[in-house]
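Chain by chain, the residues:
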Amino acid sequence: METNYINFSKVGIIGCGFVGSSSAFSLMQSGMFTEMVLIDADKARAEGEALDISHGLPFAKPMKIYAGDYSNLKDAGLIIITAGANQKPGETRLDLVKKNIAIFKSIIPEIKKIDYKGILLIIANPVDILTTVAIKLSGFPANRVFGSGTVLDTARLKYNLGQHLDVDSRSVHAFIIGEHGDSEIAAWSCANVSGIKLNKFCEMRGFFKHEEAMKRIADEVKNSAYEIIKRKRATYYGIAMAVRRICEAIVRNEKSILPISSLMKGQYGISGIALSMPAIVGRNGVETHVPFEINEQEAADLQKSAKTLQEVLAQNEL
């Protein structure tokens, strides 16, 4: 990627709903950026969010935050797309497909028009399908277009395991893979706590009913969004922190391994769809998937997850 055309201290956010505005607030606090452009179909909403967040700048680091249009995004290092219909109580993420593909068909061509050279980070749901759609509509190299994937689901898994084991969740190493949704998979076969295999660590903490605990925790993670939506009608703080973490990996060129949603190219026999798998993420976007070893059942579940997404995508052909 030709970095001389883009500015990694500048970020654009398209969509100023709960997720977009929470992400903007989180990124303002991070100090990573000196310029932030907010875009929304409701221009007044974008202006209001920019003004509100700007009033916190005396407590943070100097930056310019304003409502703009697509022309303001040409030199941004990152464009974050959160625009889309919200998941309602009782809805799955896949139920949002038709509405949000239609929204992307209006957004992505506008980004193409400005000959954009930076990175597109897709947050809107269903994120795996919309990442695939964004790659196809934009024609951009796949390394520059990826989604937040299961970064948040993985954080939820680490948090729940930390609570279960009464240990710092940052010492838990585990991934949720596949769809960011109902067919997601907890990759238990490679989970560990600071290098100690998970089952061994559980026994060290007095837990021996491994299968029962794994099912309960995996279900809690998978249903987290539904539980939050049932109580407060939307989820946004957790994903805002996940957005911040992904942006850190990009802006600082950290080469961090994150389970982002990116195009599969034959791994595990899966191609042509974006799925969430651990990948090295830095200033050039997705550098490569990592050789992530999973057991036969997890691999079969991953292929099943991909098939579900491919069928949904086929029903909503571009």
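Before going into details, it helps to say that this report is about the structure given with it. Being a predicted model, the structure only gives us computed values, none of them experimental. (Residues numbered from 1 in each chain as written. Predicted model: local features only at pLDDT ≥ 70, side-chain atom pairs only at ≥ 80, totals over all residues. Heavy atoms only, no water.)

Pairing is antiparallel across the open sheet formed by three strands, whose spatial order is β12-β15-β16. Every other strand in the sheet has two partners, leaving β12 (256-258) and β16 (285-289) as the edge strands with one partner each. In this sheet, adjacent strand axes meet at a mean angle of 40° when their direction is disregarded. Pairing geometry for strand β15 (residues 279-282) and β16, over four bridges, is antiparallel. (Pairing = 2+ DSSP bridges. Helix = DSSP H or I, 4+ residues; strand = E, 2+ residues; numbered from the N terminus. Axes fitted to C-alpha atoms, helices over the stretch in contact; angles between N-to-C directions.)

The next subject is the environment of Leu275. Residue placement: Leu275 occurs in strand β14 (residues 271-276). On the basis of relative accessible area, Leu275 is assigned to the buried category, the value being 0%. Sequence separation of Leu275 and Arg170 is 105 residues, and the distance between their C-alpha atoms is 24 Å. (Buried < 20%, exposed > 50% of the residue type's maximum accessible area, 1.4 Å probe, protein only.)

Here the focus is the pattern of salt bridges. This model, assessed by the stated rule, comprises 16 salt bridges. Residue Arg245 pairs with Glu248 through a salt bridge whose shortest N-O separation is 3.5 Å. With Arg245 and Glu248 both in helix α9 (residues 237-251) and three residues apart, the pair spans about one turn of that helix. Of the residues examined, Arg245 reaches a relative accessible area of 30% and is grouped as partly exposed. According to the relative accessible area criterion, Glu248 is buried, its value standing at 15%. Note that Glu287 is salt-bridged to Lys255, the shortest N-O span being 3.1 Å. With Glu287 in strand β16 and Lys255 in the loop between α9 and β12, this pair connects stretches of sequence that are 32 residues apart. With a relative accessible area of 46%, Glu287 lands in the partly exposed category. Each of the salt bridges in this network shares a partner with another, and the network as a whole consists of Arg244, Arg245, Glu248, Arg252 and Glu254. (Salt bridge = Lys/Arg side-chain N within 4 Å of Asp/Glu carboxyl O.)

Attention shifts here to helix α8 (residues 224-232). Of the positions making up α8, those classed as buried are Ser224, Ala225 and Ile229. The buried residues of α8 all sit within an arc of 125° when viewed along its axis, so they share a single face. More than 90 degrees from the buried face of α8, the exposed residues found are Lys230 and Arg231. Those residues of α8 hidden inside the fold are in contact with α5 (151-165) and α7 (210-222). Backbone geometry just after α8 places Arg233 at a positive phi near 75°. (Arc of directions from axis to C-beta. Contact = heavy atoms within 4.5 Å.)

With that settled, the discussion passes to the packing of α5 against α7. The N-to-C vectors of α5 and α7 enclose an angle of 135°; their axes lie 9 Å apart at closest approach. By the criterion of interaxial angle, the relationship of α5 to α7 is oblique. Remark: the crossing between α5 and α7 carries right-handed chirality. Side by side, α5 and α7 meet where Asp153, Arg156, Leu157, Asn160, Leu161 and His164 of the first sit next to Ala213, Arg216, Ile217, Glu220 and Val221 of the second. Within the contact of α5 with α7, the residues separate by chemical class into five nonpolar, two polar and four charged. (Parallel < 35°, antiparallel > 145°, perpendicular 65-115°, else oblique. Left-handed = near helix turned anticlockwise from the far one by under 90°. Nonpolar A, V, L, I, M, F, W, Y, C, P; charged D, E, K, R; others polar.)

A few words now on the packing of aromatic side chains. For the coordinates displayed, the defined rule picks out three aromatic pairs. Ring geometry for Phe18 versus Tyr236: centroids 4.8 Å apart, planes at 15°, classification stacked. Pair noted here: Phe18 is in helix α1 (residues 18-30) and Tyr236 is in the loop between α8 and α9, with a separation of 218 residues, a long-range link. The exposure class of Phe18 is partly exposed, given its relative accessible area of 43%. With a relative accessible area of 14%, Tyr236 lands in the buried category. By way of ring pairs, the aromatic residues Phe18, Tyr236 and Tyr237 are connected into one cluster. Geometry around Tyr66 places Lys64 over its ring, the cationic atom sitting 4.9 Å from the centre. Positioned above the aromatic ring of Tyr236 is the side chain of Lys232, whose terminal nitrogen or guanidinium carbon lies 3.9 Å from the ring centre. (Phe/Tyr/Trp six-rings, centres within 6.5 Å; stacked < 30°, edge-to-face > 60°. Lys NZ or Arg CZ within 6 Å of the ring centre and 35° of its normal.)

None of the figures reported here should be taken as evidence of function without further support.
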